[in-house]
Structures are given as C-alpha cells and as structure tokens.
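Structural features, examined
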Amino acid sequence: MEGFTVALFIWTLVSPSSSSNSKAWPTHTVCREGNLEVFYQSCDPLQDFGFSADQCSKHLKPKLNIRFGMILREDIKELFLDIALFTKGSSILNFSYPICEEDLPKFSFCGRRKGEQIYYAGPINNPGFEIFEGEYQVLLELYNENRSTVACANATIICS
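Model, not experiment: these values are computed from the prediction.

Calculation rules
Residues numbered from 1 in each chain as written. Predicted model: local features only at pLDDT ≥ 70, side-chain atom pairs only at ≥ 80, totals over all residues. Heavy atoms only, no water. Helix = DSSP H or I, 4+ residues; strand = E, 2+ residues; numbered from the N terminus. Buried < 20%, exposed > 50% of the residue type's maximum accessible area, 1.4 Å probe, protein only. Contact = heavy atoms within 4.5 Å. Areas by Shrake-Rupley, 256 points an atom, 1.4 Å probe, with all protein chains shown as cover. Patch = residues over 30% accessible without salt bridge, like charges linked within 9 Å, V, L, I, M, F, W, Y side chains within 5 Å. Salt bridge = Lys/Arg side-chain N within 4 Å of Asp/Glu carboxyl O. Polar contact = N/O pair within 3.5 Å; in protein donor to acceptor, adjacent residues only side chain to side chain. Pairing = 2+ DSSP bridges.

1. Quick word on the overall build of the chain
Within the chain, the secondary structure is distributed over 1 helix and 12 strands. Written out in order from the N terminus, the α and β elements of the chain read α-β-β-β-β-β-β-β-β-β-β-β-β. Scored against the burial criterion, the 160 residues of the chain give a buried share of 31%. Counting only contacts in the chain whose residues sit at least 6 apart along the sequence, the fraction spanning at least 24 positions is 57%. With the model as given, the accessible surface of the chain reaches about 10500 Å², and the carbon-plus-sulfur share is 57%.

Here it is as structure tokens:
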C-alpha cells in the first residue's frame, strides 16, 4: 500500500494539470548585463529544461559556451533544431540545423533514449554577429527523427 501511495504522489507531481487555469513554466534568465537581456520560457506543456550562456554581450563571439540539461521524453537517434526569429510581429529569420544525425553524431548525447538525462556544457559554433538594438522573439524547437518535440522554448532578447 505504501508503494502505491508513493507512486500516486509522484504521478500527481509530474502529470500535467487538467484544469483550465494551469500555470505556464517559469521564465528563466539566460543573461542580463549592460544593455542586453535574454530570457526564455519552455513552450512544451509537459517539461521544462535548463539553459545558460557564459557570454552576455551585444557582440556575439563565434564560439559561445553554453550549458543545457534535461531529461528526455523521446529517443533521439536524430535531433534537429529549428529557430524562428521575429521582431515587431514580422519574421526575419528561419533556420534549421541537424544536431544529431544517425551517421554523424556531433555530441555525446546523440543516440540517448527516453528517460535518460542529457547535459551539454561547452562551446557551440556560430558565425559571430552583433545584436542590433530592439526587442526580438525567438521560437526554438528541438525535435527527433519522428518530428516529436524534445524541447521547445519561447525566448525574448532585448537590446538597448
């Protein structure tokens, strides 16, 4: 009976609320320094994740050190990232990038299975650019080979 009570308690904690006034995931601050502020909120109704960046500058360097961690709800034989950038309601960039391909795994977490944790701390390569003054909304979606969402975030970048 005690095992059933513990299982019911854990299920209550991790299951999504069916009420219409359920709360969204908290907003996380990636960085806030000088005239740049970056924050995000998970748009996956079932799961939140952690992300941080070592640099908080309007001049984004080509190698940016990040940290990302989560528990997988889906297998990731292949993993893809879609990025959509908006400002003032207009789309200004759409980008897709393969992170894990079956024949070309780029990271140690490629091939992980549902229930396993992924954690990455290290550099990511990007072209390096300056973030122009303004407010930007970014939709980021990680999905696997079956197009199942692995992680999703709505991010806001404010540069003044």
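2. Here's the deal with a nonpolar patch on the surface
Together, I92, L93, F95 and Y97 give the surface a local cluster of nonpolar side chains, amounting to about 370 Å² of exposed area. Here F95 is to be found in strand β7 (residues 90-101). Judged by its relative accessible area of 42%, F95 falls in the partly exposed class.

3. Description of the side chain of Q47
Topologically, Q47 is positioned in the loop between β2 (36-42) and β3 (50-53). A relative accessible area of 12% means that Q47 is categorised as buried. Polar contacts involving the side chain of Q47 include one to the side chain of R73, which spans 3.4 Å. Not counting chain neighbours up to four residues away, the residues in contact with Q47 comprise W25, S42, M70, I71 and R73.

4. Comments concerning the sheet that holds strand β6 (residues 79-87)
Here 7 strands make up an open sheet; going across it, the order is β1-β2-β12-β11-β6-β7-β8 and the pairing antiparallel. Two strands close off the open sheet at either side, each with one partner strand: β1 (28-33) and β8 (104-105). Here β1 runs beside β2; their pairing, made up of 5 bridges, is antiparallel. Within β2, the residue paired with T29 across the bridge is F39.

5. Topic: the pairing of strand β11 (residues 134-144)
A regular strand places its side chains so that they alternate between the two faces of the sheet. Here β6 runs beside β11; their pairing, made up of 8 bridges, is antiparallel. Bridging across to β11, I83 finds its partner in L140. Looking at chain direction, β11 and strand β12 (residues 149-159) are connected through 10 bridges and run antiparallel. What sits directly across from Y136, in β12, is I157.

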